[in-house]
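# Structure assessment
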Amino acid sequence: MAKRTRRALITLALIILGLLATAPATFADVDPAWLASWQEAQKQRPKRLLTSGRIASAEEPGSPLVILGLVLNPDGSPAAGVAVHAYHRDSAGYEFGKDDKASKTWRLQGWAETDSVGVFRFETIRPAADHLGREPGHIHFTLESEKFGRQWAPKVFFADDPQVSTALRKKSDKAGDLGNVRAVKVVDEVQTVGVRFKLKRKADF
Ligand SMILES: [Fe+2]
């Protein structure tokens, strides 16, 4: 191949890669079942989000859990004004209510918004493992930033949970401060888990 042709092809490939990297993410990239739950969830979204939100109500069966969160910008600075959506299974391991069929969206879910130093908080209960045994207890988070769009944060698991695999723990250790297997501490007699996320430069959907 002539040198000039090869150079032109490489340039073209770089342009295409560049376009792909900056192409806006769309709903087409999202699992349809997840998207249906997400869209249904929007109907429950409060008009005004507060730094502290609730996922499970105070009456929900299960051990109370407090989530203390920090969201960082891609450059590591605190990310203020980020909307945080969180959901998880109940104490029986169901996501959509009785037999996982009762609700069109996650039964236990809530919203909060990060304050000026990137902090948010949720009160909830500790989720059980999937009732079919597919996954240990965990919490899902979606972040919405004006600047970096809508994106998924890694699922958060609990370090004191024997069902969390060695592979998951190793991967989390590798991520350091941003690891997603998080220690649970008892603060004022309530289980408390600290979570930390860093926004990506690009939206997921
Ligand atoms: Fe899940």
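Whatever comes next refers back to the structure up there.
Residues numbered from 1 in each chain as written. Predicted model: local features only at pLDDT ≥ 70, side-chain atom pairs only at ≥ 80, totals over all residues.

## With respect to the overall build of the protein
A tally of regular secondary structure across the protein gives three helices and 11 strands. Starting at the N terminus and ending at the C terminus, the protein contains elements arranged as α-α-β-β-β-β-β-β-β-β-α-β-β-β. The 205 residues of the protein split such that 26% are buried. Of the contacts formed within the protein by residues at least 6 apart in sequence, a portion of 72% connects residues at least 24 apart. (Helix = DSSP H or I, 4+ residues; strand = E, 2+ residues; numbered from the N terminus. Buried ≥ 20, exposed ≤ 12 C-beta atoms within 10 Å, placed from the backbone. Contact = placed C-beta atoms within 7 Å.)

## Focus: the sheet that holds strand S1 (residues 52–54)
Strands sit in the order S1-S5-S2-S11-S10 across an open sheet of five strands; the sheet is mixed. Sheet topology places S1 and strand S10 (184–187) at the edges, where each strand pairs with a single neighbour. Direction aside, the axes of adjacent strands within the sheet are offset by 30 degrees on average. As judged from the three bridges shared by S1 and strand S5 (residues 119–125), these two strands associate in the parallel manner. Of the residues in S5, the one forming a bridge with Gly 53 is Phe 122. (Pairing = 2+ DSSP bridges. Axes fitted to C-alpha atoms, helices over the stretch in contact; angles between N-to-C directions.)

## A look at the nonpolar core
By size, the foremost hydrophobic cluster in this structure holds 30 residues, and its most contacted members are Val 71, Val 84, Ala 86, Phe 141 and Leu 143. Counting only elements with at least two residues in this core, the list comes to strand S2 (64–72), strand S3 (83–88), strand S4 (108–113), S5, strand S6 (138–145), strand S8 (156–158) and strand S11 (190–198). Aside from chain neighbours lying at most four places away, what touches Leu 143 is Val 71, Val 82, Val 84, Gln 151, Ala 153, Phe 197 and Leu 199. (Core = buried A, V, L, I, M, F, W, Y, C linked by C-beta atoms within 7 Å.)

## Topic: unusual backbone geometry
Located in the positive-phi region is Asp 188, a residue other than glycine, with phi close to 50 degrees. At Glu 189, a position not held by glycine, the phi torsion is positive, near 70 degrees.

## Some thoughts on helix H3 (residues 166–174)
The element H3 is largely exposed, with a buried count of zero among its nine residues. Positive backbone phi, at 60 degrees, marks Gly 176, one or two positions downstream of H3.

## So, the pairing of strand S7 (residues 149–152)
In this sheet, S7 lies alongside S6 in antiparallel orientation, the contact comprising four bridges. Across the sheet, the residue bridging to Ser 145 is Gly 149, located in S7.

## Here we look at the pairing of S6
With six of eight residues buried, S6 is to be regarded as a mostly interior element. Relative to S8, S6 is paired through two bridges, and the arrangement is antiparallel. Each bridged residue has a counterpart across the sheet, and for His 138 the counterpart in S8 is Phe 157.

## Quick look at the environment of Arg 134
Along the polypeptide, Arg 134 turns up in the loop between S5 and S6. Sequence separation between Arg 134 and Ser 57 is 77 residues; the distance between their C-alpha atoms is 26 Å.

## Description of the environment of Arg 201
With respect to the secondary-structure elements, Arg 201 resides in the segment after S11. Taking the C-alpha atoms as reference points, Arg 201 and Leu 50, 151 residues apart in sequence, are found 24 Å from one another. When sequence neighbours within four positions are dropped, the list of residues in contact with Arg 201 reads Pro 74 and Phe 148.

## Quick look at the environment of Asn 73
Mapped onto the elements of the fold, Asn 73 is located in the loop between S2 and S3. Between the C-alpha atoms of Asn 73 and Thr 114, which are 41 residues apart in sequence, the distance is 12 Å.

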